[in-house]
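Each chain, letter by letter, is given below.
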Amino acid sequence: MSTDVTDKTPAAAPPGRNGAGTGDGLLQLMLDGMRRNMRQYGMLIALGLIVALFAVWTEGDLLLPRNVSNLVLQNSYILILAIGMMLVIIAGHIDLSVGSLTAFVGSMAAVFMVRNDLPWPVAVLLCLAVGAIAGAVQGWFIAYGGLPSFIVTLAGMLTFRGLTEIFLDGQTLGPFPKGLQTTANGFLPEVGPDTNYHNLTLLLGFGLIALVVLQEVRDRRRQQEFALDVLPAKLFLLKLVALTAAILTVTLLLASYKGAPIVLLILGALLVGFGYVMRNAVIGRHIYAIGGNLPAAKLSGVRDKKVTFLVFLNMGMLAALAGLVFAARFNAASPKAGLNFELEAIAAAFIGGASMSGGVGTVLGAIIGGLVLGVLNNGMNLVGVGTDWQQVIKGLVLLAAVGFDVWNKRKVGS
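Now for a quick tour of the structure. Model, not experiment: these values are computed from the prediction.

### Structural notes on the overall build of the protein
Line of reasoning, step 1. Within the protein one finds 16 helices and zero strands.
Line of reasoning, step 2. Counting across all 414 residues of the protein, residues that qualify as buried make up 45%.
Line of reasoning, step 3. In the protein, once contacts between residues fewer than 6 apart in sequence are set aside, the share between residues at least 24 apart is 80%.

### Focus on the layout of surface pockets
Line of reasoning, step 1. Of the voids in this model, the second largest pocket is the one considered here, and its volume is about 720 Å³.
Line of reasoning, step 2. Lining the second largest pocket are 26 residues, and of these Asn 340, Glu 344, Asn 377, Gln 391 and Lys 394 sit closest to its centre.
Line of reasoning, step 3. Residue composition of the lining of the second largest pocket, by class: 12 nonpolar, 12 polar and two charged.

### Some thoughts on the nonpolar core
Line of reasoning, step 1. Grouped together as the largest cluster of nonpolar side chains are 92 residues, with contacts concentrated most on Ile 80, Leu 81, Phe 176, Ile 287 and Val 372.
Line of reasoning, step 2. The biggest single contributor to this core is helix H3 (residues 65-90), with 16 residues.
Line of reasoning, step 3. Those residues in contact with Phe 176 that lie beyond four places of it in its chain are Gly 106, Ala 109, Ala 110, Met 113, Gln 181, Ala 327, Ala 328, Asn 331, Ala 332 and Ala 333.

### Considerations on the packing of aromatic side chains
Line of reasoning, step 1. For the coordinates displayed, the defined rule picks out 10 aromatic pairs.
Line of reasoning, step 2. Seen from their ring centres, Phe 104 and Phe 160 are 5.8 Å apart, and the 25 degrees between their planes marks the pair as stacked. You can see Phe 104 sitting in helix H4 (residues 98-115) and its partner Phe 160 sitting in helix H6 (residues 149-168), a full 56 residues away along the chain.
Line of reasoning, step 3. Phe 104 gets classed as buried once you look at its relative accessible area, which sits at 8%.
Line of reasoning, step 4. Look at Phe 160 and you get buried, because its relative accessible area is 10%.
Line of reasoning, step 5. Grouped by ring-pair contacts, the aromatic residues Tyr 77, Phe 326, Phe 330 and Phe 341 constitute a single cluster.
Line of reasoning, step 6. Stacked on the ring of Phe 236, the Lys or Arg Arg 220 has its end atom at 4.8 Å from the ring centre.

### Regarding a nonpolar patch on the surface
Line of reasoning, step 1. Taken together, the side chains of Ile 133, Val 137, Trp 140, Phe 141, Tyr 144 and Leu 147 make up a nonpolar region of the molecular surface, amounting to roughly 590 Å² of accessible area.
Line of reasoning, step 2. Among the secondary structure elements, Ile 133 is positioned in helix H5 (residues 120-143).
Line of reasoning, step 3. Using a relative accessible area of 55% as the deciding quantity, one classes Ile 133 as exposed.

About the cut-offs
- Residues numbered from 1 in each chain as written.
- Predicted model: local features only at pLDDT ≥ 70, side-chain atom pairs only at ≥ 80, totals over all residues.
- Heavy atoms only, no water.
- Helix = DSSP H or I, 4+ residues; strand = E, 2+ residues; numbered from the N terminus.
- Buried < 20%, exposed > 50% of the residue type's maximum accessible area, 1.4 Å probe, protein only.
- Contact = heavy atoms within 4.5 Å.
- 1 Å grid on protein atoms, 1.4 Å probe; cavity = no way out; pocket = protein on both sides within 12 Å on 5 of 7 lines; lining within 4 Å.
- Points joined across faces, edges and corners; volume = space filled by probe spheres on them.
- Nonpolar A, V, L, I, M, F, W, Y, C, P; charged D, E, K, R; others polar.
- Core = buried A, V, L, I, M, F, W, Y, C linked by side-chain atoms within 4.5 Å.
- Phe/Tyr/Trp six-rings, centres within 6.5 Å; stacked < 30°, edge-to-face > 60°.
- Lys NZ or Arg CZ within 6 Å of the ring centre and 35° of its normal.
- Patch = residues over 30% accessible without salt bridge, like charges linked within 9 Å, V, L, I, M, F, W, Y side chains within 5 Å.
- Areas by Shrake-Rupley, 256 points an atom, 1.4 Å probe, with all protein chains shown as cover.
- Salt bridge = Lys/Arg side-chain N within 4 Å of Asp/Glu carboxyl O.

Structural data, given as structure tokens:
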């Protein structure tokens with residue numbers, strides 16, 4: 001493989017056909033770098049363009065601090081589901097039950113807290129355990145029973161939806177304790193002097209910028225040590241500037257309203273934790289392996305059944321967490337909760353770069369895909385687009401994302 005060509009070739013770059021010097025050579029290197037990384041950065045660029053489009057179309061209403069906070073709160077449960085769904089799809093499976101499981105866990109939470117007056121922290125732990133057990137049962141049938149994930153989770157979707165109706169007697173049940181409501185709808189507390197901004201949010205934002213820059217530089221050095229392809233230096237610097245600007249913008253918007261929502265910290269912890277697992281941990285590499293080439297993974301000693309079982313157990317826990325966040329946000333458990341959540345999560349994963357054949361995708365991609373859908377929903381609501389056309393547009397976006405994935409594979413293969 002080649003090393004970082006920017007560090008070695010700019011001074012000796014050949015002139016272009018029109019006699020251009022190193023400037024055109026550097027530009028060509030940057031364009032080549034973008035082409036090689038289009039799969040990774042394509043949807044990130046698309047998200048930026050969608051945000052810019054609706055910011056203009058709504059005359060700036062999309063980027064109002066209050067709306068940005070609402071955007072995070074409104075899409076938090078879908079983003080949580082999208083993280084788990086991305087792992088399921090990378091492993092070469094699908095899960096159609098997460099929307100119904102979200103509703104079922106919400107109904108269990110209402111039974112625990114509203115009907116039986118359990119302390120909400122205890123009830124939360126019990127609900128997470130219920131989600132883990134549900135995911136484990138489905139994972140056992142898929143991994144050790146040899147049943148297709150589509151059929152097992154379709155059965156789970158019907159079962160959990162029926163159980164939700166049974167536990168709630170077909171009625172909405174609430175309200176939930178204040179502590180749980182605050183977790184889903186609350187913001188970080190105010191600390192420090194009055195600066196017209198939320199100080200704790202600013203501190204977290206600046207810390208995140210430093211962490212992201214440090215991680216990017218460290219990853220680049222590691223890739224260079226192993227003689228892997230890296231972005232040209234100028235394109236890498238441009239990437240750092242863009243990431244810093246994006247994080248700083250969001251930080252200032254949140255800090256000028258009520259600060260960072262608590263659920264955003266939960267999402268951040270999930271993103272960092274699962275991102276690390278998928279990049280660095282053995283289980284993460286095994287998930288990619290069984291999704292990319294199952295026979296080869298088996299021959300390499302990967303315990304594919306155990307990995308598949310754990311992937312669905314994890315999906316059940318994340319569905320339970322999403323159910324708790326959703327129920328607490330609306331302060332009630334409803335038999336109709338979670339409708340089409342599984343489709344939103346699957347769409348977010350594919351828009352974020354997952355492959356139908358498995359073995360491809362990132363946790364960050366799932367977040368980006370979820371944000372694309374969230375910004376589309378929010379922006380279209382602000383400009384008054386009807387729900388009928390909203391469905392059409394989201395369907396076309398999903399089709400375009402998968403079509404881009406297929407085209408990119410053919411391009412790389414050729």
